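The chain contents come next:
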Amino acid sequence: MNLIAQIEAEQIASLGKTIPDFKAGDTIRVGYKVTEGTRSRVQAYEGVCIARKGGDTLAASFTVRKISFGEGVERVFPLYSTNIDSIEVVRRGRVRRAKLYYLRSRRGKSARIAEDTTYKPKADA
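Below: a short report on this structure. (Residues numbered from 1 in each chain as written. Predicted model: local features only at pLDDT ≥ 70, side-chain atom pairs only at ≥ 80, totals over all residues. Heavy atoms only, no water.)

This paragraph deals with the packing of aromatic side chains. One pass over the full model with this rule turns up four aromatic pairs. With centroids separated by 5.4 Å and ring planes inclined at 55°, the aromatic side chains of Tyr32 and Phe77 adopt a geometry described as tilted. Highlighted residues: Tyr32 in strand 1 (residues 27-36) and Phe77 in strand 4 (residues 71-78), separated in sequence by 45 residues. By relative accessible area, which is 1% here, Phe77 ends up buried. When the ring centre of Phe22 is taken as origin, the NZ or CZ atom of Arg52, which lies over that ring, is 4.4 Å away. For Arg92, the ring lying beneath its charged end belongs to Tyr119, and the centroid distance is 3.8 Å. (Phe/Tyr/Trp six-rings, centres within 6.5 Å; stacked < 30°, edge-to-face > 60°. Helix = DSSP H or I, 4+ residues; strand = E, 2+ residues; numbered from the N terminus. Buried < 20%, exposed > 50% of the residue type's maximum accessible area, 1.4 Å probe, protein only. Lys NZ or Arg CZ within 6 Å of the ring centre and 35° of its normal.)

Here's what the structure looks like:
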């Protein structure tokens, strides 16, 4: 392991965050801390993860797409952001691509993703 990767691994460990195993196609619920004036609350943002970028590094991010009032809304979250309270996998999607940008041009039934019922979690050794 090179020096940069080693330092990055130490920083990720010091954050103490547990990131669930999710990939593109999974429907996820992100609890994001929102500050309005002096108040702070956790707002849920639920949608389909259409992309993950950066692997398991500190600079990794993921894109979540949802339909809000008939309009498609996408939001990019840094994976190790201090503003992310929680990430929860709602359902697993069965897809054959790493980036699902084609969903942007789809509407209705063609924009649906089949559920993966045969999911097995990765064994961390």
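There's more to say after this.
Below, the discussion takes up the sheet that holds strand 4. Read across the open sheet, the five strands follow the order 4-3-2-1-5; overall the sheet is antiparallel. With partners counted over all chains shown, the strands left at the sheet margins are strand 4 and strand 5 (84-91), one partner each. Across the sheet, the axes of successive neighbouring strands diverge by a mean angle of 40°, strand direction being ignored. Alignment of strand 3 (residues 61-68) against strand 4, held across eight bridges, turns out to be antiparallel. The residue bridging Val64 from the neighbouring strand is Arg75, located in strand 4. (Pairing = 2+ DSSP bridges. Axes fitted to C-alpha atoms, helices over the stretch in contact; angles between N-to-C directions.)

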